[in-house]
Amino acid sequence: MPAAPKPVAPPRLDDLTTAPQDWAVPADDLVADTLLGALDLSERELELVDVQGCRLAGTRVAGSHWYRTGWRDVEVDQADLSNARFTDSGWTRVRARGSRLTGLSLAGAAVEDLEVTDSAMGFANLRQARIRRARFTDTALAEADLDAASLEDVVFDGCDLTSARFTSVRVRRVVFRHCRLDGLQGLENLRGATIEPLDLTGLTHQLASALGITLA
């Protein structure tokens, strides 16, 4: 039996101070121990801003660009991060639930201890990301791009990975369970991964192609 993936560490949050409606990024570029409620931070350009020990609850961050930033110990609850871009950035102990992450870009990011549940994450850009200890549960990841990503101790449980790209991906202790895998690209790069037997039905054509078999 292959070794089971290591568990994901949860965010560490202390008592939080609620941000007012006229909240602005602090002068020291550190957002710490703050509850960011229904604030609209869409389309913001944020450089060298670190977010630590915070909760985003209903917060809109859609289309924002975070450059050389770190998110550590962050909860994302029913928030909108669609098309948000994180460049030269990292996420550590981040948990997202019921959120819109469509088109989120973490390309090349260092990601550790990430948990995403019941969220929309289709078209996400995770190219060349280094992902360690992550769990995606009941999450839509259709057409997500994980080209050349490194996945270690990652579980996909009940996810839609239709037409997701795993080209040149590197995997170690990766599990697919109860997932939709139709049209998944880069199947040959998932050598060593564990896949639920029933999930293989969606990979019939890819498996045949990889083995040089013609389906009549």
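Structure: see above.
Reading the values: rules and limits
- Residues numbered from 1 in each chain as written.
- Predicted model: local features only at pLDDT ≥ 70, side-chain atom pairs only at ≥ 80, totals over all residues.
- Heavy atoms only, no water.
- Helix = DSSP H or I, 4+ residues; strand = E, 2+ residues; numbered from the N terminus.
- Buried < 20%, exposed > 50% of the residue type's maximum accessible area, 1.4 Å probe, protein only.
- Contact = heavy atoms within 4.5 Å.
- Pairing = 2+ DSSP bridges.
- Core = buried A, V, L, I, M, F, W, Y, C linked by side-chain atoms within 4.5 Å.

S.K.: Can you lay out the environment of A79 for me, pointing to particular residues and giving the numbers?
M.R.: Mapped onto the fold, A79 is located in the loop between strand 7 (70–77) and strand 8 (85–87). A relative accessible area of 5% means that A79 is categorised as buried. Along the backbone, A79 and R12 are 67 residues apart, and their C-alpha atoms lie at a distance of 19 Å. Once you skip the residues sitting within four places of it in the chain, A79 turns out to touch L56, G58, T59, G98, S99 and R100.

S.K.: Give a description of the pairing of strand 5 (residues 50–57) that names residues and reports values.
M.R.: Here strand 2 (residues 30–32) pairs with strand 5 via three bridges, running parallel. Paired with V31 across the strands is V51, a residue of strand 5. Here strand 3 (residues 34–36) runs beside strand 5; their pairing, made up of two bridges, is parallel. When the bridges of strand 5 are listed, L36 appears paired with L56.

S.K.: Outline the nonpolar core, listing residues and values.
M.R.: Membership of the largest hydrophobic core comes to 57 residues, with the highest contact counts inside it found for W71, W91, F136, L151, F156 and F166. Of all the secondary structure elements, the ones that give two or more residues to this core are strand 5, strand 7, strand 9 (90–97), strand 10 (110–117), strand 11 (130–137), strand 12 (150–157) and strand 13 (170–177). Non-local contacts of F136, meaning those with residues more than four positions away in its chain, are made with L114, V116, M121, L141, V154, V155, F156, D157 and C159.

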